[in-house]
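# Inside the fold
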Amino acid sequence: MPELNFNMDYYINGIIRLGPFYLIVLAISTIFYLYHKQLNNGNFKSNLSNTSFSNYWWIFLFPIFIRTGLAFLSENNMDLNNFIIITELTYSGKLVYLHFKEFPYLPFYLPILWLCKYFSVLLSLPLYFTIKWPLIFVDILMIYLMKKVLEYNRTYSDVRIIFIYSPLIILNSSVLAQIDMIPVFFSFWAYYVLDRYPEKWKLSAFILGLGIFAKTFPILLLPAFLVSFKKFNKQILFGLIAIT
């Protein structure tokens, strides 16, 4: 059975091999970022009421296009190779944690990996490609959620455009196959629910809990959520819901 590889030298060499992808994404992102700036006369605050095809192209279709293209072209790096091993093991019905005690993630992502392998077999597509679909999907959901936030709060209206064109975020999901955007998405969604609908704070806590279950670092955001409540009992209950 193949072994998971967490060797730092291998990881660094993989980053070096991916150098051309970094340059390509940086170039494409910069070109379209500047072009979008020119379209808006230097103002990145795009018109949210504009439902034209052009507006949807910049907000949704372009991110899907560039991420999907890069996902198909990039097929080899340490994290991706490790996830492929885990996916094959999960799809065969074996328990990952019995074979790889060093596997650092909670079980949240395993059913998603199983579906990636299922669609890979069903559609005769390479697994290294389908394994990135959930990550690209989460990127698009994040862009949509930002759009919802900007409908009532325009303070950070430039952030969405930066997110769409950020080469680091594009590479993270489409080339490196890192799952970090999944807990980030759940954390941001929890913030949106709590900020927009304060009476649904229990739902916000549950969503934040999903982010913690995907990868534990969102637990560091818990204090920032707790200060939203004046009553100590609500703080305790919110925290319990999120971590359980």
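In short, a report on the structure. (Residues numbered from 1 in each chain as written. Predicted model: local features only at pLDDT ≥ 70, side-chain atom pairs only at ≥ 80, totals over all residues. Heavy atoms only, no water.)

Our next topic: the overall build of the chain. Within the chain, the secondary structure is distributed over 14 helices and zero strands. When the helices and strands of the chain are read in sequence order from the N terminus, they spell out α-α-α-α-α-α-α-α-α-α-α-α-α-α. Taken over 244 residues, the chain has a buried fraction of 44%. Carbon and sulfur atoms make up 68% of the accessible area of the chain, which amounts to about 13,000 Å² in all. (Helix = DSSP H or I, 4+ residues; strand = E, 2+ residues; numbered from the N terminus. Buried < 20%, exposed > 50% of the residue type's maximum accessible area, 1.4 Å probe, protein only. Areas by Shrake-Rupley, 256 points an atom, 1.4 Å probe, with all protein chains shown as cover.)

Non-glycine residue Ser-124 carries a positive phi angle of around 55°. Take Ser-124: it is sitting in the loop between α6 (110-123) and α7 (127-130). Given a relative accessible area of 65%, Ser-124 falls into the exposed group. Even without being glycine, Ala-177 reaches a positive phi, approximately 60°.

This paragraph deals with the packing of helix α11 (residues 181-196) against helix α12 (residues 201-214). A pair of packed helices can be characterised by two numbers: the angle between their axes and the separation between those axes. In the contact formed by α11 and α12, the axes pass within 8 Å of each other and the chain directions differ by 170°. Classified by the interaxial angle, the pair formed by α11 and α12 is roughly antiparallel. The segment α11 lies against α12, with Ile-182, Pro-183, Phe-186, Ser-187, Trp-189, Ala-190, Val-193 and Leu-194 engaging Trp-201, Leu-203, Ser-204, Ile-207, Leu-208, Leu-210, Gly-211 and Ala-214. Residue composition of the contact of α11 with α12, by class: 13 nonpolar, three polar and no charged. (Axes fitted to C-alpha atoms, helices over the stretch in contact; angles between N-to-C directions. Parallel < 35°, antiparallel > 145°, perpendicular 65-115°, else oblique. Contact = heavy atoms within 4.5 Å. Nonpolar A, V, L, I, M, F, W, Y, C, P; charged D, E, K, R; others polar.)

Right, let's talk about helix α14 (residues 232-243) for a bit. Taking 1.5 Å as the rise per residue, α14 with 12 residues should run 16 Å; its terminal C-alpha atoms sit 17 Å apart, in good agreement. Of the residues making up α14, those classed as buried are Phe-238, Gly-239 and Ala-242. Looking straight down α14, one finds that the buried residues subtend no more than 95° of arc, so they occupy a single side. Against α12 and α13 (222-226) lie the buried residues of α14. (Expected span 1.5 Å × (residues − 1). Arc of directions from axis to C-beta.)

Two elements in contact, helix α8 (residues 133-150) and α11, have axes whose closest approach is 10 Å; the angle formed by their N-to-C orientations is 20°. Between α8 and α11, the angle is such that the two are roughly parallel. The element α8 and its partner α11 pack so that their crossing is left-handed. Every residue of α11 that contacts α8 at Leu-135, Val-138, Asp-139, Leu-141, Met-142, Leu-145, Met-146, Lys-148 and Val-149 is listed here: Met-181, Ile-182, Val-184, Phe-185, Phe-188, Trp-189 and Tyr-192. For the contact of α8 with α11, the per-class residue count stands at 14 nonpolar, no polar and two charged. (Left-handed = near helix turned anticlockwise from the far one by under 90°.)

With that settled, consider the nonpolar core. Membership of the largest hydrophobic core comes to 60 residues, with the highest contact counts inside it found for Ile-182, Leu-208 and Phe-238. Tallying contributions element by element places α8 first for this core, with nine residues. Dropping the residues within four chain positions of it, Leu-208 is found in contact with Ser-187, Ala-190, Pro-218, Leu-222, Phe-225, Phe-238 and Ala-242. (Core = buried A, V, L, I, M, F, W, Y, C linked by side-chain atoms within 4.5 Å.)

Turning to the side chain of Thr-87, a few remarks are in order. If you trace the backbone, Thr-87 turns up in helix α4 (residues 78-91). A residue is classified by how much of its surface remains accessible, and Thr-87, at 0% relative accessible area, is buried. Excluding its chain neighbours within four sequence positions, the residues that come into contact with Thr-87 are Leu-113, Lys-117, Leu-127 and Ile-131.

Residue placement: Ser-120 occurs in helix α6. Owing to a relative accessible area of 8%, Ser-120 belongs among the buried residues under this scheme. Leaving out residues up to four positions away in the same chain, Ser-120 has contacts with Leu-125, Pro-126, Leu-127 and Thr-130.

Honestly, it's all geometry; don't read function into it.
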